[in-house]
Amino acid sequence: MFKDISDLIRFNPPRLGYGVAVTDIDGDAEFEFVVAGFNFPNRVLKWNGRALVDLVDPVLADNQRQAIGVAAADINGDGREEIYFLNSDTFGGRKRFGDRLYLNRGMRWVDLFDLEENQGVMNLTAGRSVACVDRDGDGRYGFFVANYGGPMRLYELNNEGFVVDVASRVGVDLTSSGRSLLSLPLVSSGMDVFAGNERGANFLFQNNGDGTFIEIAERVGIADSLENVRGVAVLDADGLTASLTSLMGIGKAHTACLCARRRASSAMSPRRSWRFRAACARSSPPTSTTTATKSRSSTILVSRTGCSVSAMVNGRGSIRGRR
């Protein structure tokens, strides 16, 4: 059973929040919650022993942008996770301001898209979701972006340290009205990607084992082109395999809460491997809920449109997590 511990979040006014990532921001081997803000500053909530307090610095707060998604992963293999904020200042198509890809350099955060050498690949299409993908299974991740009215992107760092979009090279540069993403082994031994779409068929990108993908949603019966997906979660329904649960349609229940627990080891990825479990939360429109946590306890932080942030913990867990 989960109980509401939202009172432990210090200063928690109603706000537009569209996503939560869990990562070690300050390198102290403790996880923090990174909360995306839409026309509000992004937040970094850290447990100080008594409460979750906001320790965000002005760079990460970035209150001039409209963040609609956030993800954290190690894209350069240094053991520290980078942070991707997906910004959208228009409903679909071309947007005015790009996304942020923050890398930690000592005591400061640097947006890699601000660097001249990376500006040519900046995402200037409105998006709805961003996920972390280790397509090669080597522990170095990329950020997969589901755009709305433009091709999907997959950003990685090349050997020279430049940001590159490898989506077309690996077979995922399809155009749709993307709403939600999941990355995990679904139909292969590598990391596959499920993309839930609106106004069109869903995509399921199967990992070919060589870092490339093939789209097979229609073949396996989950294209579902007559529905409009708003969120997706995954759970181990039979104790053996992962199952997808899509929450679809305007006027119906929206996105489920997703809790990710790290496994001790995996041949797929020596640095990061995940067992995904879904703690479903039904919400009435227009509330939208997006949650992910990597701590070994079962703490879930929920960022909801037009509401304050909520936190839940099960009876056996705590809100403290270590790598």
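Heads up: the structure comes first, above all this text.
Scope of this entry: the structure provided in the associated data block. The model shown is predicted, which means the values in this text are computed figures rather than measured ones.

## Describing the overall build of the protein
Thinking step 1. Summing up its helical and strand segments, the protein has 3 helices and 24 strands in all.
Thinking step 2. Within the protein, buried positions represent 54% of all 323 residues.
Thinking step 3. Within the protein, counting contacts between residues at least 6 apart in sequence, those at least 24 apart form 52% of the total.
Thinking step 4. About 14,100 Å² of surface is accessible on the protein, with carbon and sulfur atoms providing 50% of the total.

## Some thoughts on the pattern of salt bridges
Where charged atoms from two side chains of opposite charge come close, those side chains can pair.
Thinking step 1. Counted by the stated rule, this structure contains 13 salt bridges.
Thinking step 2. A salt bridge links Lys46 to Glu32, with the shortest nitrogen-to-oxygen separation between them at 2.7 Å. Residue Lys46 is located in strand β4 (residues 43–47), and its partner Glu32 is located in strand β3 (residues 32–37); the two are separated by 14 residues in the primary sequence.

## Some details on the side chain of Asp24
Thinking step 1. Structurally, the position occupied by Asp24 is in the loop between β2 (15–23) and β3.
Thinking step 2. A polar contact of 3.0 Å, which involves the side chain of Asp24, links it to the backbone nitrogen of Gly27.
Thinking step 3. Within the structure, Asp24 has its side chain in polar contact with the backbone nitrogen of Ala29 (distance 2.9 Å).

## Some words on the sheet that holds strand β7 (residues 82–87)
Thinking step 1. Strand order in the open sheet made by the 4 strands is β6-β7-β8-β9, with antiparallel pairing throughout. Each of the sheet's edge strands pairs with one partner strand only, and the pair in question is β6 (67–73) and β9 (108–111). On average, each strand axis in the sheet is tilted by 25° relative to the strand beside it, whichever way the strands run.
Thinking step 2. Bridge analysis of β6 against β7 gives 6 bridges, and the strand direction is antiparallel. Bridged to Ala73 within β7 is Glu82.

## Description of unusual backbone geometry
Thinking step 1. The residue Phe11 is not glycine, and still its phi comes out positive at about 55°.
Thinking step 2. Tracing the backbone shows Phe11 in the loop between β1 (2–4) and β2.
Thinking step 3. Classification of Phe11 by relative accessible area gives exposed; the value is 63%.
Thinking step 4. Its identity is not glycine, yet Ala29 carries a phi of approximately 70°, on the positive side.
Thinking step 5. As for its placement among the helices and strands, Ala29 is situated in the loop between β2 and β3.

## With respect to the side chain of Ser183
Thinking step 1. Tracing the backbone shows Ser183 in strand β14 (residues 175–184).
Thinking step 2. Engagement of the side chain of Ser183 in a polar contact is seen with the backbone oxygen of Cys132, the distance being 2.5 Å.

## Quick word on the packing of aromatic side chains
Thinking step 1. Tallied over the entire structure, the rule returns 9 aromatic pairs.
Thinking step 2. Summarising the aromatic geometry, the rings of Phe91 and Tyr148 are spaced 4.9 Å apart at their centres and angled 75° between planes, so their arrangement reads as edge-to-face. Note that Phe91 is positioned in the loop between β7 and β8 (100–105) and Tyr148 in strand β11 (residues 142–151), a separation of 57 residues in sequence.
Thinking step 3. Measuring from centroid to centroid gives 6.0 Å for Phe144 and Phe205, while their planes differ by 45°, and the two rings are tilted. Note that Phe144 is positioned in strand β11 and Phe205 in strand β16 (residues 203–207), a separation of 61 residues in sequence. Of the two residues, Phe144 and Phe205, both sit in the buried class.
Thinking step 4. Taken together, the ring pairs in this structure connect Tyr84, Phe113, Phe143 and Tyr155 into an aromatic cluster.

## Notes on the nonpolar core
Thinking step 1. Counting 20 residues, the largest nonpolar core has Tyr84, Leu101, Phe113, Val130, Phe143 and Val163 as the members making the most contacts within it.
Thinking step 2. For this core, the secondary structure elements donating two or more residues are β6, β7, β8, β10 (127–133), β11 and β12 (153–157).
Thinking step 3. Residues Val133, Met152, Val170 and Phe203 belong to the second largest nonpolar core, which totals 16 residues.

## As for the environment of Trp47
Thinking step 1. Tracing the sequence through the fold places Trp47 in strand β4.
Thinking step 2. A relative accessible area of 26% means that Trp47 is categorised as partly exposed.
Thinking step 3. Distance from Trp47 to Phe33, taken between C-alpha atoms, is 9.1 Å for residues 14 residues apart in sequence.

Calculation criteria
Residues numbered from 1 in each chain as written. Predicted model: local features only at pLDDT ≥ 70, side-chain atom pairs only at ≥ 80, totals over all residues. Heavy atoms only, no water. Helix = DSSP H or I, 4+ residues; strand = E, 2+ residues; numbered from the N terminus. Buried < 20%, exposed > 50% of the residue type's maximum accessible area, 1.4 Å probe, protein only. Contact = heavy atoms within 4.5 Å. Areas by Shrake-Rupley, 256 points an atom, 1.4 Å probe, with all protein chains shown as cover. Salt bridge = Lys/Arg side-chain N within 4 Å of Asp/Glu carboxyl O. Polar contact = N/O pair within 3.5 Å; in protein donor to acceptor, adjacent residues only side chain to side chain. Pairing = 2+ DSSP bridges. Axes fitted to C-alpha atoms, helices over the stretch in contact; angles between N-to-C directions. Phe/Tyr/Trp six-rings, centres within 6.5 Å; stacked < 30°, edge-to-face > 60°. Core = buried A, V, L, I, M, F, W, Y, C linked by side-chain atoms within 4.5 Å.

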